[in-house]
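Chain by chain, the residues run as shown.
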Amino acid sequence: MKITRLQSNNVMRLTAVDITPDGNMILIGGKNSAGKSSVLNSIAMALGGANLVPIEPIHAVETEGSITVNLEQWGGPRKVSGVGRTYTGASVRHLHQNA
């Protein structure tokens with residue numbers, strides 16, 4: 001399985017990230033609190049499902065966030081998406097997978 005694109009909006013420390021890897025490896029770097037772990041957590045949330053989504057996955061004052069991971073697999077491309085909304089401390093999570 002290979003990630004061909006990652007889009008993450010308003011997730012944890014991220015406002016907007018759109019990564020399309022070119023090759024077999026990508027280096028994610030930055031200062032402390034820049035969102036490096038949030039990029040990795042976005043992938044984990046999208047692929048791992050609701051068990052890996054934290055109680056408050058949405059960035060700061062935003063009310064909605066999204067994660068889309070496009071995958072290249074043996075059986076062809078797949079798209080995994082996740083959306084979460086947080087209202088007054090309670091979190092509702094929706095994850096779905098499109099073939």
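Cut-offs and rules
- Just so you know, the residues in each chain are numbered from 1, in the order the chain's sequence is written.
- Given that the model is predicted, a residue must reach a pLDDT of at least 70 before its local features are reported, and side-chain atom pairs must reach 80 or more before they are shown or counted; all residues, however, enter totals for whole chains, interfaces and linings.
- Here the side-chain values reflect all heavy atoms present in the structure, with hydrogen atoms and water set aside.
- Only DSSP runs of H or I with at least four residues qualify as helices, and only runs of E with at least two residues qualify as strands; both kinds are numbered from the N terminus onward.
- Type-normalised accessible area, obtained with a 1.4 Å probe on protein chains alone, sets the label of each residue: buried when under 20%, exposed when over 50%, and partly exposed for intermediate values.
- Note on contacts: a residue pair is in contact if any heavy atoms of the two residues lie within 4.5 Å.
- Working definition of accessibility: Shrake-Rupley area with a 1.4 Å probe, residue cover restricted to the visible protein chains.
- In this analysis, a patch consists of residues with relative accessible area above 30% that form no salt bridge, clustered at 9 Å for like charges and at 5 Å for the nonpolar side chains Val, Leu, Ile, Met, Phe, Trp and Tyr.
- Put simply, a salt bridge is a Lys or Arg side-chain nitrogen that is within 4 Å of an Asp or Glu carboxyl oxygen.
- The predictor's confidence in any single residue is recorded as pLDDT, a number from 0 to 100.
- Helices are assigned an expected span. That span is 1.5 Å times one less than the residue count.
- Throughout, the arc means that of the directions going from the helix axis to the C-beta atoms.

Per the secondary structure count, the protein includes 1 helix and 5 strands. Among the 99 residues that make up the protein, the fraction classed as buried is 28%. At a minimum sequence separation of 6, the contacts of the protein that also span at least 24 residues come to 48%. Per element, the accessible surface of the protein, about 6,500 Å² overall, is 52% carbon and sulfur.

Okay, a nonpolar patch on the surface next. Together, Ile26, Ile28 and Leu40 line one region of the surface with nonpolar side chains, adding up to about 250 Å² of accessible area. Relative to the elements of secondary structure, Ile28 occurs in the loop between strand 2 (16-19) and helix 1 (36-48). Under the relative-accessibility criterion, Ile28 is labelled partly exposed at 31%.

As a further point, take the confidence of the model for the protein. Per-residue pLDDT for the protein averages 76, and the proportion of residues at 70 or more is 74%. Per-element confidence in the protein is highest for strand 2, whose mean pLDDT is 93, and lowest for strand 5 (residues 90-98), whose mean pLDDT is 41.

Time to look at the side chain of Ser42. Positionally, Ser42 belongs in helix 1. In this structure Ser42 touches Leu6, Ser8, Val11, Leu14 and Ile67, once residues within four positions along its chain are discounted.

Another aspect to go through is helix 1. Compared with an ideal rise of 1.5 Å per residue, which puts 13 residues at 18 Å, helix 1 spans 18 Å between its outermost C-alpha atoms and is within 8% of the ideal. Taken together, the buried positions of helix 1 are Ser38, Val39, Ser42, Ile43, Met45 and Ala46. The buried side chains of helix 1 occupy one side of the element, clustering within an arc of 165° when seen end-on. Looking at helix 1, the residues exposed on the side facing more than 90 degrees away from the buried face are Ser37 and Leu40. Backbone geometry just downstream of helix 1 places Gly49 in the positive-phi region, at approximately 85°.

For the rest of this paragraph, the subject is unusual backbone geometry. For Asn10, which is not a glycine, the phi torsion comes out positive at approximately 55°. By the secondary structure assignment, Asn10 is in the loop between strand 1 (2-9) and strand 2. The backbone of Met12 sits at a positive phi, close to 50°, despite the residue not being glycine. With respect to the helices, strands and loops of the structure, Met12 is situated in the loop between strand 1 and strand 2. On the accessibility criterion, Met12 (27% relative accessible area) is partly exposed.

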